[in-house]
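Fold and geometry: a report
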Amino acid sequence: MGVFLWGFESPLRHSSFQHTIIMGQKGKIAVLLSGRGSNFEALYRASLHAGANFEISTVISDKKKAPGLEKARAFGITAFHVSPGSFITREDYEARIVQLLSQREVQLVCLAGYMRIVGQTLLQAFPNRIMNIHPALLPAFPGLHAQRQAVEHGVRFSGCTVHFVDGGMDTGPIILQRCVQVEAGDTEETLGARILEQEHRAFPEAVCLFFDKKLKISGRRVIIVQ
Ligand code: GRF
């Protein structure tokens, strides 16, 4: 039987704090990033469209000098650097992130180039409420350098995947994928640039579907309710 991901009726809702939904209000997302933040920027720009159903409440980076953090501040978005090195355990580090997300009333967490494996502390606080974007058609080429892996493997098509995050590396239920043809002579960089264009479309689309309550998990499949 399917499980609706959103709303008070969800039997999966066992987070440590309540995710309150008020009709007519925009969904609040947080973006976690470690680098340049182009996907964050795509989400931000999508959130500014008339009729957008979400807004970016918060940006958090594990890297103090992440360009995405600076970009967020330039856009006037509340942005935090949380250094993993300041905490003894990953649980403590993630507990601090959960605390910030709770204070900011975040309902959905978007990993946009966040270069850390998510642990149980964050997963349990946001069950089925963490999305990641990956620059390949999962389950092909998980992990680092997905674009390079695709070129080296000689595939004809690659692309990007937005998926819910589980305890594994790029293994969670797939929400959306967008396909890109691999051209003769493509390098990691040229293919990566074309994939990135598709990432910038796919991630906002997935977030919109989430807040439109159109995503339902059935086993490891995500069904898009029409
Ligand atoms: C993107 O390619 C994304 O798919 C991967 O990390 C990269 C982040 O890029 N997870 P950016 O920081 O969003 O520009």
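Details of the confidence of the model for the protein chain
Averaged over every residue, the pLDDT of the protein chain is 91; the share at 70 or more is 89%. Here residues 1–21 scores under 50 on pLDDT; set against residues more than four positions off or in separate chains, the count is 32 contacts.

Some words on the site of the ligand
Every one of the 14 residues lining the ligand counts as a neighbour, but Gly 35, Ser 38, Asn 39, Gly 113 and Pro 135 are closest to it. Those elements that place two or more of their residues in the shell around the ligand are helix 1 (38–48), strand 6 (130–134) and helix 6 (188–211). For the shell around the ligand, a count of residues per class yields five nonpolar, seven polar and two charged.

Details of the pairing of strand 10 (residues 221–224)
For strand 9 (residues 215–218) and strand 10, the ladder comprises four bridges, and the chain directions are antiparallel. Bridge assignment links Lys 216 to a residue of strand 10, and that residue is Ile 223.

Topic: the pairing of strand 5 (residues 108–111)
Across the two faces of strand 5 the burial is the same, with Leu 108 and Cys 110 and Val 109 and Leu 111 all buried. Of the strand pairs in this sheet, strand 2 (residues 27–33) and strand 5 are connected by four bridges, and their pairing is parallel. Bridge pairing in strand 5 places Val 31 opposite Cys 110. For the crossover from strand 5 across helix 4 (residues 120–125) to strand 6, the handedness is right-handed.

Examining helix 2 (residues 67–74)
Within the sequence span of helix 2, burial applies to Gly 68, Leu 69 and Ala 72. Burial along helix 2 is one-sided: seen end-on, the buried residues are contained in an arc of 105 degrees. Exposed positions of helix 2 whose direction lies more than 90 degrees from the buried face are Arg 73 and Ala 74. Looking at the buried residues of helix 2, the elements they touch are strand 2, helix 1, strand 3 (54–61) and strand 4 (79–81).

Some remarks on the nonpolar core
Ranked by size, the top nonpolar core spans 59 residues in total, and within it Val 31 and Cys 110 carry the most contacts. If near-sequence neighbours (up to four positions away) are discounted, Val 31 is found in contact with Phe 40, Leu 43, Ile 56, Val 59, Cys 110 and Ala 112.

Some remarks on the packing of helix 5 (residues 146–153) against helix 6
In helix packing, the relevant descriptors are the interaxial angle and the interaxial distance, both defined with respect to the helix axes. The N-to-C vectors of helix 5 and helix 6 enclose an angle of 120 degrees; their axes lie 9 Å apart at closest approach. One way to sum up the angle between helix 5 and helix 6 is to call them oblique. Viewed along their axes, helix 5 and helix 6 form a crossing whose handedness is right-handed. Contacts between helix 5 and helix 6 involve Gln 147, Arg 148, Ala 150 and Val 151 on the former and, on the latter, Glu 188, Leu 191, Gly 192 and Ile 195. Each residue belonging to the contact of helix 5 with helix 6 can be placed in one class, and the counts come to four nonpolar, two polar and two charged.

The rules behind these values
Residues numbered from 1 in each chain as written. Predicted model: local features only at pLDDT ≥ 70, side-chain atom pairs only at ≥ 80, totals over all residues. pLDDT = per-residue confidence, 0-100. Contact = placed C-beta atoms within 7 Å. Near = placed C-beta within 6 Å. Helix = DSSP H or I, 4+ residues; strand = E, 2+ residues; numbered from the N terminus. Nonpolar A, V, L, I, M, F, W, Y, C, P; charged D, E, K, R; others polar. Pairing = 2+ DSSP bridges. Buried ≥ 20, exposed ≤ 12 C-beta atoms within 10 Å, placed from the backbone. Right-handed = clockwise from strand over helix to strand, strands pointing away. Arc of directions from axis to C-beta. Core = buried A, V, L, I, M, F, W, Y, C linked by C-beta atoms within 7 Å. Axes fitted to C-alpha atoms, helices over the stretch in contact; angles between N-to-C directions. Parallel < 35°, antiparallel > 145°, perpendicular 65-115°, else oblique. Left-handed = near helix turned anticlockwise from the far one by under 90°.

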